[in-house]
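Chain residues, written in single-letter form:
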Amino acid sequence: MGFYSRILMPRLLDLLMSGESFSDYRQTLLADVKGEVLEIGFGTGLNLRHYPEAVQRLTVIDPNPGMNAIAQKRIHASHLTIDTQILGSEALPMADNTFDSVVSTWTLCSIPKIEQALEEIHRVLKPDGRFFFMEHGRSPDPSVQIWQDRLTPIQKVIADGCHLNRPMQALVERYFKVLTLDCFYADGFPRIAGYMYQGAATK
Ligand SMILES: C[S@@+](CC[C@H](N)C(=O)[O-])C[C@H]1O[C@@H](n2cnc3c(N)ncnc32)[C@H](O)[C@@H]1O
């Protein structure tokens with residue numbers, strides 16, 4: 001992993017994703033998270049302060065050690081018991097049916113082998129567990145889709161593997177039963193990166 005991914009990207013993402021509108025989305029998504037929790041693509045730990053009391057234990061994974069380095073200050077300030085692992089989501093070392101909740105915020109866009117990762121999330125989620133997600137992805141508008149397809153190759157380079165055009169609803173529905181789903185353009189975001197999929201799913 002090069003200097004850009006390990007040193008610059010974590011600082012840039014921490015700056016861009018710590019804004020108030022992101023915080024509001026995090027707070028809403030995480031309100032019902034409980035029990036034994038896995039967060040994939042933990043990044044710099046911006047979800048930490050939004051986890052409710054009902055969370056018993058948190059396992060967080062991210063393949064980028066530069067993200068983890070910045071997350072440390074938030075991990076130390078948290079009252080939660082947190083197990084941190086430098087790891088991608090495509091091959092999880094956890095046993096089947098381990099977690100009550102799995103959380104992903106703006107991460108499914110960046111996972112290289114997305115189907116493999118969703119299979120793994122499905123495997124480690126308990127039968128009555130919940131997969132909570134907040135993701136940007138493919139817009140329903142053809143005029144936006146064209147630009148999402150054109151710009152994704154550039155976005156992957158400048159934003160460390162992020163795809164603008166992933167069809168998040170279809171991807172999640174391939175592996176899970178969707179319980180709630182809210183799709184919308186987020187205020188203040190360019191439409192190519194601002195079509196959000198916020199929801200919860202089960203096995
Ligand atoms: C846009 S950032 C979002 C960070 C964090 N979830 C947040 O909400 O602030 C995307 C994250 O996905 C992580 N990521 C990239 N490839 C991954 C993979 N294979 N498995 C899990 N996370 C991955 C990146 O390192 C980065 O931290």
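Preceding block: the structure.
These figures come from a predicted structure and were not determined experimentally.

Caption draft 1: Region of the structure containing the packing of helix 1 (residues 3–16) against helix 3 (residues 65–77). Interhelical geometry of helix 1 versus helix 3 gives an angle of 50 degrees and a closest axis separation of 7 Å. Between helix 1 and helix 3, the angle is such that the two are oblique. Crossing of helix 1 over helix 3 shows right-handed handedness. Together, Ser5, Arg6, Ile7, Met9, Pro10 and Asp14 of helix 1 and Pro65, Gly66, Met67 and Ile70 of helix 3 make up the contact between the two elements.

Caption draft 2: Structural detail: the site of the ligand. Neighbouring residues of the ligand: 21 residues in total, closest Gly41, Gly43, Asn64, Gly88 and Thr105. Along the lines of polarity and charge, the residues of the shell around the ligand split into nine nonpolar, 10 polar and two charged.

Caption draft 3: Representation of the environment of Ser21 within the structure. Mapped onto the elements of the fold, Ser21 is located in helix 2 (residues 20–30). Note: C-alpha distance between Ser21 and Ala186 (165 residues apart in sequence) is 8.8 Å. Non-local contacts of Ser21, meaning those with residues more than four positions away in its chain, are made with Ala186, Asp187 and Gly188.

Caption draft 4: Examining the pairing of strand 2 (residues 55–62) more closely. Sheet topology note: the strand 1 (residues 35–40)/strand 2 ladder contains six bridges and is parallel. In the sheet register, Glu36 faces strand 2, and the bridge partner there is Arg57. Across five bridges, strand 2 lies against strand 3 (residues 82–86) in parallel orientation. Counterpart to Thr59 in the pairing with strand 3 is Asp83. In this fold, strand 2 hands off to helix 3, which returns the chain to strand 3; that crossover is right-handed.

Caption draft 5: Spotlight on unusual backbone geometry. Positive phi, close to 50 degrees, is recorded for Trp106, a residue that is not glycine. Inspection of the secondary structure assignment puts Trp106 in the loop between strand 4 (99–105) and helix 4 (114–124). Although it is not a glycine, Asp160 sits at a positive phi angle of roughly 55 degrees. Residue Asp160 is classed as partly exposed on the basis of its C-beta count, with 19 C-beta atoms lying within 10 Å.

Caption draft 6: Main features of helix 5 (residues 142–158). Its 17 residues give helix 5 an end-to-end C-alpha distance of 24 Å, which sits within 8% of 24 Å, the value for a rise of 1.5 Å per residue. The largest bend along helix 5 reaches roughly 50 degrees and is located at Thr152, with the proline Pro153 sitting one to four residues downstream. Asp160 lies just past helix 5 and shows a positive phi near 55 degrees.

Caption draft 7: Here's a closer look at the sheet that holds strand 7 (residues 195–202). Strand order in the open sheet formed by seven strands is 3-2-1-4-5-7-6, with mixed pairing between adjacent strands. The sheet is open, and its two edges are formed by strand 3 and strand 6 (177–185), each paired on a single side. The mean inter-strand angle of the sheet, taken between neighbouring strand axes irrespective of direction, is 15 degrees. Here helix 2 sits on the sheet in contact with strand 4, strand 5 (125–136) and strand 7, set at roughly 165 degrees to strand 5. In the packing of helix 3 onto the sheet, the strands contacted are strand 2 and strand 3, and the crossing angle to strand 3 comes to about 165 degrees.

Caption draft 8: Helix 6 (residues 168–175), seen in detail. Looking at helix 6, one finds that the buried residues are Met168, Leu171 and Val172. In an axial view of helix 6, the angular spread of the buried residues amounts to 90 degrees, which keeps them on one side of the axis. Turned more than 90 degrees away from the buried face of helix 6 sit Ala170 and Arg174, all of them exposed. The elements touched by buried residues of helix 6 are helix 4, strand 5, strand 6 and strand 7.

Conventions used here
- Residues numbered from 1 in each chain as written.
- Predicted model: local features only at pLDDT ≥ 70, side-chain atom pairs only at ≥ 80, totals over all residues.
- Axes fitted to C-alpha atoms, helices over the stretch in contact; angles between N-to-C directions.
- Helix = DSSP H or I, 4+ residues; strand = E, 2+ residues; numbered from the N terminus.
- Parallel < 35°, antiparallel > 145°, perpendicular 65-115°, else oblique.
- Left-handed = near helix turned anticlockwise from the far one by under 90°.
- Contact = placed C-beta atoms within 7 Å.
- Near = placed C-beta within 6 Å.
- Nonpolar A, V, L, I, M, F, W, Y, C, P; charged D, E, K, R; others polar.
- Pairing = 2+ DSSP bridges.
- Right-handed = clockwise from strand over helix to strand, strands pointing away.
- Buried ≥ 20, exposed ≤ 12 C-beta atoms within 10 Å, placed from the backbone.
- Expected span 1.5 Å × (residues − 1).
- Bend = angle between axes of the 7 residues up to and from the residue.
- Arc of directions from axis to C-beta.

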